[in-house]
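Descriptive analysis of the structure
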Amino acid sequence: MKYAIIGYPVEHSLSPKMHEAGFKAAGLPATYDRITVQPTQLAESIGYLKNNGYDGWNVTYPLKEKIIPYMDVLTSEAQRIGAVNTVKVQNGRLVGHNTDGGGFIQALLSKGFVFEGKEVVILGAGGAAKAIAAALASLQVKMLILNRSEEKAVILARKVNMLGGNAASGILAPGRWLGVVDLLIQTTSIGMKGEVYTIDLQGLNPSAWAVDLIYYPAVTDFMAQTGACGCRSMNGLDMLLFQGILAWEFWLEQKAPLDIMRKALQEKLGDNRGAE
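This text gives an overview of the structure that appears in the document. (Residues numbered from 1 in each chain as written. Predicted model: local features only at pLDDT ≥ 70, side-chain atom pairs only at ≥ 80, totals over all residues. Heavy atoms only, no water.)

1. Description of the overall build of the protein chain
Here is the rule: Each helix is a run of DSSP H or I of at least 4 residues and each strand a run of E of at least 2, with the numbering of both proceeding from the N terminus. Restricting the calculation to C-alpha atoms gives the radius of gyration, and the globule rule supplies 2.2 Å times the number of residues raised to the power 0.38. Using a 1.4 Å probe on the protein chains alone, a residue whose accessible area is under 20% of its type maximum counts as buried, one over 50% counts as exposed, and one in between counts as partly exposed. Here a residue-residue contact requires only that any non-hydrogen atoms of the pair lie within 4.5 Å. Throughout, the Shrake-Rupley method with a 1.4 Å probe supplies accessible areas, and for residues the shown protein chains are the sole cover considered.
Helices and strands together make up the secondary structure of the protein chain, namely ten helices and twelve strands. What you see for the protein chain is a C-alpha radius of gyration of 18 Å, in line with the 19 Å of a compact globule of 276 residues. Across its three principal directions, the C-alpha atoms of the protein chain cover 55 × 40 × 35 Å. A buried classification covers 50% of the 276 residues belonging to the protein chain. By sequence separation, contacts in the protein chain at least 24 residues apart represent 64% of the contacts at least 6 residues apart. Put simply, the protein chain shows about 12400 Å² of open surface, and 50% of that area lies on carbon and sulfur atoms.

Below you can see the structure in the form of structure tokens.
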């Protein structure tokens, strides 16, 4: 069995370590490769993957939306989100799926967060925000989506409402939301290179949970600021783990060895200080 992650860049992806640990624990003769694919190479690369016997692959930036036309079938989750992060080859057909939103939900549930009735603020309206917002649409939460380009936030909020959720939108800036938010989700790339977070978070509800989807560095400036406000702050490592668990189970149709895959991720992140 052969699996891979495709996208650009993928050199420092932690997914191979996580999945290979899972394969080994399950006694499966499977491999997991990193394959650099830029958008202009997508059609050629999909042909390569099919012709070389890959059973499935993960899809990362910037290909999650661009790969959709190449799929033979989309799962309901991929259709809801409008993006694919996991592909399975089934009877010669490409089945596109998305585990990003589900991975985020599972990560929070595993920590004891209760979604029902909560005020959720999503910072950013890119691919990760779309997946999370679509997943949250089926839960009883009130969402506010804030983005530098308000137009993108408006479009995403409209989509959430069409999916049966409850979402409003606005410009990425401080506001009264700071005092009432229960779950604050940072989905932008700000902080990935150690930058200071640009939004003033003064007045943030100290009982809120704050999640930065970045997992390297392990503590971003956003996390430091929210932690200083008294919030429970988390990075994106658990989301990475759980989206990987869901992909693994989608491919193999068996329960993934969660603890072993988590340990492999933690060890790799500790060793690979250049991880992205």
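2. Some details on helix α6 (residues 150-162)
Note the threshold: What a helix should span is 1.5 Å times the count of its residues minus one.
Between its first and last C-alpha, α6 extends 18 Å over 13 residues, near the 18 Å set by a 1.5 Å rise per residue. Where the residues of α6 are buried, they touch α5 (127-136), β8 (142-147) and β9 (167-171). At the exit of α6 stands Gly164, carrying a positive phi of roughly 95 degrees.

3. Structural notes on the side chain of Asn98
Here is the rule we go by: The definition of a polar contact used here is a pair of N or O atoms within 3.5 Å, where within protein one atom must be able to donate a hydrogen and the other to accept one, and adjacent residues in sequence count solely through side-chain atom pairs.
Tracing the backbone through its elements, the reader meets Asn98 in the loop between β6 (93-97) and α4 (100-110). Here the side chain of Asn98 touches Ala83 through a polar contact of 3.0 Å, landing on its backbone oxygen. A polar contact is formed between the side chain of Asn98 and the backbone nitrogen of Asp100, at a distance of 2.8 Å.

4. Let's talk about the environment of Lys118
Structurally, Lys118 can be placed in the loop between α4 and β7 (119-123). Assessed through its relative accessible area of 22%, Lys118 is described here as partly exposed. Once the C-alpha coordinates of Lys118 and Asp182 are considered, the two residues, 64 residues apart in sequence, prove to be 5.8 Å apart.

5. Some thoughts on the packing of α4 against α5
Condition: Between N-to-C directions, angles span 0 to 180 degrees; the directions come from axes that are lines fitted to C-alpha atoms, helices contributing only their stretch in contact. Reported orientations rely on four angle classes, namely roughly parallel under 35 degrees, roughly antiparallel over 145, roughly perpendicular from 65 to 115, and oblique for the rest. Two helices cross in a left-handed way if the nearer one is turned anticlockwise from the farther one by less than a right angle. They cross in a right-handed way if the turn is clockwise. Each residue gets one label: Ala, Val, Leu, Ile, Met, Phe, Trp, Tyr, Cys and Pro are nonpolar, Asp, Glu, Lys and Arg are charged, and the others, such as Gly, are polar.
Between α4 and α5, whose axes approach to 7 Å, the crossing angle comes to 65 degrees. Regarding the angle of α4 to α5, the classification is roughly perpendicular. Regarding α4 and α5, the two cross each other, and that crossing is right-handed. Of the residues in α5, those in contact with Asp100, Gly101, Gly102, Phe104 and Ile105 of α4 are Ala131, Ile132, Ala135 and Leu136. Each residue belonging to the contact of α4 with α5 can be placed in one class, and the counts come to six nonpolar, two polar and one charged.

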